[in-house]
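Structural description and commentary
The residues making up each chain are set out below.
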Amino acid sequence: MAIPATTPMAASRTGWDRLWLEVTRRCQLECGHCYNASGPRSSSGRMTSADWHRVVDQAADLGVRDVCVIGGEPTLYPGLATLINHAIGVGLGVEVYSNLVRISDDLWRVLAQDGVRLATSWYSDDPEQHLAITGRPTWRQTRANIDRAAELGVPLRVGMVQVLGEQRVVQARDQLRSMGVTDVSTDRARSIGRAAESGVDAFGELCGRCGDGRAAVGPDGDVWLCVMARSVSAGNVRDSALGDVLSGQAWRELRARVSRSALDDSGCKPNLDSGDCAPAETESCNPSYCNPDR
């Protein structure tokens, strides 16, 4: 059940669970469904290393438990290793959401630390179908790095997004299980970012729980309810402290807007929405999404 829309984040029913740090819009891939339309020609934004470290410190002071470093592709951000170490140093758990196309040996040593987890996207057991979705022939690199994470004991979760009508989601999930990956969830492609469709309200594509114990900071410092709710900012951490933004009027108004747009009276849209977010992080309202075997 969602908390009242006017309740500040600091008083949410779950506390301060997660802060997404979108450190870059650059990515080797150009997936057609990408929620932030990232790609090789995208920018890294205006946030400096000092800006990101300050945000991490403020998050720790506010009681945030985990930060999820994402992009774009976060491994293309030069300060990633330092940012991970800084977050661990102030007591935060860290998840890095990467396409796992290219991970250096030095970065693997950082990722293998206690308190660090990995997440990635996987689309099909068929390399050609994977290519059709990602736009780049990276299936083998990602699979090899999934195996490397297992070898090093780095916890890994996988989000699968249903993009194609005949996508081999069930087979891909079976393949991941055979590789030892058990934390797998599935979501539908949402009309956000590169996948946006004319006439579709982006707020109506959200699960409705945006801002409930979670928030996101973009590469220019904008603060969003989550990485999917990026169309409107509640403030900017380059101008204001994170806590001030998250307790401000703009934040409360956005929470109210999302709740009105995305939730019905029961707090769930089982026929339309998986209830997951960013992407496929939580158990779904709709069993057909959270368990494609059904």
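Everything here concerns the structure above.
Notes on the structure follow. As the structure is a computational prediction, the values presented were derived from the model and not from experiment. (Residues numbered from 1 in each chain as written. Predicted model: local features only at pLDDT ≥ 70, side-chain atom pairs only at ≥ 80, totals over all residues. Heavy atoms only, no water.)

Structural notes on the pairing of strand S2 (residues 66–70)
- Of all 5 residues making up S2, 5 are buried, and the element is well covered by its neighbours.
- Here S2 shows no split at all, with Asp 66, Cys 68 and Ile 70 on one side and Val 67 and Val 69 on the other all buried.
- Relative to S2, strand S1 (residues 18–22) runs parallel, the two being bridged by 5 bridges. Residue Glu 22 lies in a different strand from S2, and its bridge partner there is Ile 70. (Buried < 20%, exposed > 50% of the residue type's maximum accessible area, 1.4 Å probe, protein only. Helix = DSSP H or I, 4+ residues; strand = E, 2+ residues; numbered from the N terminus. Pairing = 2+ DSSP bridges.)

Considerations on the pairing of S1
- Counted residue by residue, S1 has 5 buried out of 5 residues, so it is predominantly covered.
- In this view, the connection linking S1 to its parallel neighbour S2 by way of helix H1 (residues 49–62) has right-handed handedness.
- Across 4 bridges, S1 lies against strand S7 (residues 214–217) in parallel orientation. Paired with Leu 21 across the strands is Val 217, a residue of S7. (Right-handed = clockwise from strand over helix to strand, strands pointing away.)

Notes on the packing of H1 against helix H2 (residues 80–89)
- Between H1 and H2, the least distance of the axes is 10 Å, while the angle of their chain directions is 20°. Considering the angle they form, H1 stands roughly parallel to H2. Here the hand of the crossing between H1 and H2 comes out right-handed. Contacts between H1 and H2 involve Trp 52, His 53, Val 56 and Asp 57 from the first element and Thr 82, Leu 83, His 86 and Ala 87 from the second. (Axes fitted to C-alpha atoms, helices over the stretch in contact; angles between N-to-C directions. Parallel < 35°, antiparallel > 145°, perpendicular 65-115°, else oblique. Left-handed = near helix turned anticlockwise from the far one by under 90°. Contact = heavy atoms within 4.5 Å.)

Observations concerning the packing of aromatic side chains
- In total, this model carries 1 aromatic pair according to the counting rule given.
- Their ring planes at 35° and their centres at 5.5 Å tell us that Trp 122 and Trp 139 sit as a pair that is tilted. Note that Trp 122 is positioned in the loop between strand S4 (116–121) and helix H4 (127–134) and Trp 139 in helix H5 (residues 139–152), a separation of 17 residues in sequence.
- Residue classification places Trp 122 among the buried residues on the basis of a relative accessible area of 0%. (Phe/Tyr/Trp six-rings, centres within 6.5 Å; stacked < 30°, edge-to-face > 60°.)

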